[in-house]
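What the coordinates show
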Amino acid sequence: MTKRFEFGGGSARLGPDGGPVSFEHPRDPSRVYLLDEALDVWHGPDHRWGTGFVITPKGSGRWQEPDGVDWHAGGVTAWHRPRPDVALEVGRRVTGDHFIESYTWTNTGDHAIQLTGLAVNVPVRDVYDGAATALARSCHAHLFTGGAWSWILAEPMSGTPPLLGVIVREGSLWAYSVESRNRHTSSDNRGHLLVHPTDHARNPDAFGGQPILALAPGESHTLSWELGWYDSREAFLDATNAPATLAALTAPVGTALHIDLAAGTRILPGEDSAVIGGSHGVRQVEFERNGRRSRTAVAFLAPIRHLVEARIERILGEHRPTERPDPYRYAFVPVDTRTGLRQTENGWSDWTDGAERTGMAVLLQQARLRGWGDQEAIDDALLGFARFARDRLVQPDGSVHRSSRPGPEQLRLYNTPWLAHFFLGQFELYGDTTELDRAASLLEASYALGVSDHLSIGHAEAVDSVARSLDSHGDAERANSLRKALVDHAGRFADLGTDLPAHEVTYEQSMVAPLVSLLATAYALQPDDRLLTALRTAVVWLRAFGGPQPHVRTRDIGIRHWDGYWFGIDRQWGDTFPHYWSVLTAVALRQLPAPLRTDEHQRAADAIFAANLVDFGTDGGATCAFVMPSCVDGRPAHRPDPLANDQDWALALLLRTAPGQLISM
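Residues numbered from 1 in each chain as written. Predicted model: local features only at pLDDT ≥ 70, side-chain atom pairs only at ≥ 80, totals over all residues. Heavy atoms only, no water.

**Here we look at the overall build of the protein**
Heads up, the rule is: Where helices and strands are cited, they refer to DSSP runs of H or I of at least four residues and of E of at least two residues respectively, numbered from the N terminus. This radius of gyration counts C-alpha atoms alone. The globule rule is 2.2 Å times how many residues there are, raised to the power 0.38. Only protein chains enter the accessibility calculation, which uses a 1.4 Å probe. A residue is then buried if its area is under 20% of the maximum for its type, exposed if over 50%, and partly exposed in between. Should any heavy atoms of two residues lie within 4.5 Å, those residues are considered in contact. The protein chains shown are the only cover counted for residues, whose accessible areas, like all others here, come from Shrake-Rupley with a 1.4 Å probe. Charged residues are defined narrowly, with Lys and Arg counted positive, Asp and Glu counted negative, and His plus the chain ends left uncounted. Note that the charge is assigned to NZ on lysines, CZ on arginines, CG on aspartates and CD on glutamates.
Counting secondary structure elements, the protein contains 16 helices and 33 strands. At 26 Å, the protein has a C-alpha radius of gyration in line with the 26 Å of a compact globule built from 665 residues. Judged by the C-alpha coordinates and their principal axes, the protein covers about 80 × 50 × 50 Å. Split into buried and exposed, the 665 residues of the protein put 62% on the buried side. Excluding contacts between residues fewer than 6 apart, the proportion of contacts in the protein whose partners are at least 24 apart in sequence is 65%. By element, 49% of the accessible surface of the protein is carried by carbon and sulfur atoms, the whole surface being about 23600 Å². Where the 62 positive side-chain charges of the protein centre and where its 82 negative ones centre are 2 Å apart.

Have a look at this one:
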């Protein structure tokens, strides 16, 4: 019932309707490049590759089953009628090493029409069904919808070739959206991906603005792309024939960001190859080459000290629940930036006064260490938060609750290293040795509670830092005990290979980044070829999460597609770019030992830290989630969630980890 068309060493398998049901390659026979209805029960005919919808002011329609199919040598043609006045012809054929698809919409009516929405489903299997299975079968979908300069890269989660690339050759893509993102699909499925020649009807301002495609009677609009197999990202990017190369995507406010233009390309509206930004934030850059327009986004950044001090003023003034009794008033809570109103917990575990909100306290510490901000106010806040955390979050067994509300909680090992590092910071600031003891006790308790089977964010760094402080204060025995536990912990994960245990999401960037940090820290303590081998593989997995798109919100930024729902106030699923935990990749890359350290890793680390600054304003405002797609399940997105919640880890880890020259920019 299916027909196979071979191209470039792999193949496309087409169903009876002429649409692709799978792309396959003999070098990776278990890889499922597309969602599979037999494996992914939420995937069905409505979202098969090449299905889609059209929106006009006079009405809308979808296409799925064709009105006719013509099989011929090397390909197939299918015809659809999504609306009475719109015909669609879909052609698929093999040309050399490529599989070519074209979609041609024609106005068959007697009057001009406007296409205000066009969507084509591209259901790449971006699914986390457990680490081992995801690494063996799934792909990260890296999308760049930059007009004529648009492409899709389905990269195996293992980071190994072959990669399946889709490059637009005729027409343009100006947005992408996501469907099937809700409580049913939850955090382990990215959903159905759709690309748009326009998504004007649903979100006219997304991605810098969506066009309206006007067709006179008999006139057509064509989108055509080629699919090919690639051995590396570099080979794929070379094939895209990009109109410009952007070595950097950020620059300080008031300086020039230089762009290397391909022959025949100009930056609109002028001719200059340098862009200068006069204010902090994201800026769209448009190009024109041979009559075709393209677009991407860069960012100009205010000085980091300015952003941090403005943020601190907001944290001290808005994020502390001063209406509460002592010590609860020294906690930090989310704030609705539309009103400045503090957000109550409402029984929602990601709006509590503990857990990820600890990042605000850590940011205050990092500023205090540098003499930034109002020192007296920061001291009062930190000493108060230390008392709150000690009395209301830390439990008798050494576990750490995510909320000060009384009552039983499930054990959450993530919370421990954040507070351990905080208490260590208190010791470094104020010299109270009981805080160092408390930090060490929390880490020791975490091993008793099972952290050896967990990849806790910041754990390896906390153990290493606390052990060094213990050494310097004459407690080498306790320090060495923590180090031994860490080395054993790393050895256990080195032996697991791909069989990583499930965490809150079964497989994700914020598991692999702590894995890299764990292995790198242990290797620095006790060099071992077994650790180095595991580390070399884990770094490849980690880099695969962040794509090579020439867009400041996405290049190198690890894919996360659930945080807007859990942490935001709009409760919206969908890709969050950048998400502050993407800086965990930067932290991990900075920790690599000499045999694995490269200039490219360091470039990526700096770029990730810099990109995360776009979620902060010069007035101290912030967002916990910029939801990237133009729409998610039909709801407009491509905008920041109004809640300032947990994003301050991006600044805190930048100050704790990044080199001085980056921080001083």
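**Thoughts on the side chain of Thr185**
Heads up, the condition is: Two N or O atoms form a polar contact when they lie within 3.5 Å of each other; inside protein one atom must be a possible hydrogen donor and the other a possible acceptor, and for residues adjacent in sequence the pair counts only when both atoms belong to side chains.
Mapped onto the elements, Thr185 comes out in the loop between strand E15 (175-179) and strand E16 (192-198). A relative accessible area of 5% places Thr185 in the buried class. Among the polar contacts made by the side chain of Thr185, one reaches the side chain of Arg181 at a distance of 3.3 Å. Reaching out from Thr185, the side chain makes a polar contact with the backbone nitrogen of Asn182 at a distance of 3.2 Å.

**Regarding the packing of aromatic side chains**
Quick reminder of the rule: Each pair of aromatic rings taken from Phe, Tyr and Trp, with Trp reduced to its six-membered ring, is defined by centres within 6.5 Å and is described as stacked if the planes are under 30 degrees apart, edge-to-face if over 60, and tilted in the remaining cases. Either the NZ atom of lysine or the CZ atom of arginine qualifies as a charge over a ring when it sits within 6 Å of the ring centre and within 35 degrees of the ring normal.
Enumeration according to the criterion identifies 35 aromatic pairs in this entry. Measuring from ring centre to ring centre gives 5.9 Å for Phe385 and Phe388, while their planes differ by 45°; the resulting arrangement is tilted. Taken together, the residues Phe385 and Phe388, both in helix H5 (residues 375-393) and three residues apart, mark about one turn of the helix. Exposure remark for Phe388: the relative accessible area of 0% places this residue in the buried category. Site record: aromatic cluster; members linked through ring pairs are Phe7, Phe23, Tyr33, Trp49, Trp63, Phe99, Tyr103, Trp105, Trp225 and Trp229. Here the basic side chain of Arg370 rests over the ring of Trp372, its NZ or CZ set 6.0 Å away from the ring centre. A cation over an aromatic ring shows up here: Arg571 above the ring of Trp351, its NZ or CZ 4.3 Å from the ring centre.

**Some points on the packing of helix H9 (residues 476-496) against helix H11 (residues 529-545)**
For any two helices packed against each other, one specifies the crossing angle of their axes together with the interaxial distance. Put simply, the rule reads: To obtain each axis, a line is fitted to C-alpha atoms, and for helices this fit is confined to the stretch in contact; angles are then taken between N-to-C directions over 0 to 180 degrees. Each angle is binned into one of four classes, with values under 35 degrees roughly parallel, values over 145 roughly antiparallel, values of 65 to 115 roughly perpendicular, and all other values oblique. Crossing chirality is assigned from the near helix's rotation relative to the far helix, an anticlockwise turn below a right angle marking it left-handed and a clockwise turn marking it right-handed.
At a minimum axis distance of 9 Å, the contact between H9 and H11 shows a crossing angle of 60°. As judged from the angle between their axes, H9 and H11 are oblique. Note that H9 runs across H11; the crossing there is left-handed. Of the residues in H11, those touching H9 at Ala490, Gly491, Ala494 and Asp495 are Arg530, Leu531 and Ala534.

**Concerning the nonpolar core**
Soluble globular proteins: nonpolar side chains tend toward being buried together. Selection criterion: We define the nonpolar core as a collection of buried residues of types Ala, Val, Leu, Ile, Met, Phe, Trp, Tyr and Cys that are connected through side-chain atoms lying within 4.5 Å of one another.
Of all hydrophobic cores here, the largest spans 204 residues; its most connected members are Phe23, Trp105, Trp225 and Tyr507. Considering every element that reaches this core, the biggest residue donor is helix H10 (residues 509-525), with ten residues.

**Let's talk about the sheet that holds strand E12 (residues 139-146)**
Rules: A pair of strands is labelled paired if DSSP reports no fewer than 2 bridges between them.
As summarised here, the arrangement of the eight strands in space is E6-E7-E8-E9-E18-E14-E13-E12, forming an open sheet in which the pairing is antiparallel. The open sheet is flanked by strand E6 (68-72) and E12, the only strands paired with a single partner. Across the sheet, the mean angle from the axis of one strand to that of its neighbour is 15°, orientation sign disregarded. Two strands pair when backbone bridges link them, and strand E13 (residues 149-156) and strand E14 (residues 163-170) are joined in this way by four bridges, in the antiparallel orientation. The partner of Ile152 across the bridge, within E14, is Val166. Against the sheet, H11 makes contact with E12 and E13, and its axis sits at roughly 35° relative to E12, the strand it touches most.

**Some points on the pattern of salt bridges**
Condition: What counts as a salt bridge is simple: a side-chain nitrogen of Lys or Arg found within 4 Å of a carboxyl oxygen of Asp or Glu.
Counted by the stated rule, this structure contains 47 salt bridges. In this structure, Arg314 engages Glu318 in a salt bridge whose closest nitrogen and oxygen atoms are separated by 3.7 Å. In this pair, Arg314 and Glu318 are both assigned in helix H3 (residues 304-318), four residues apart and thus about one turn of the helix distant. A salt bridge links Arg368 to Asp379; its shortest N-O distance comes to 2.6 Å. Note that Arg368 is positioned in helix H4 (residues 358-370) and Asp379 in helix H5, a separation of eleven residues in sequence. Look at Arg368 and you get partly exposed, because its relative accessible area is 22%.

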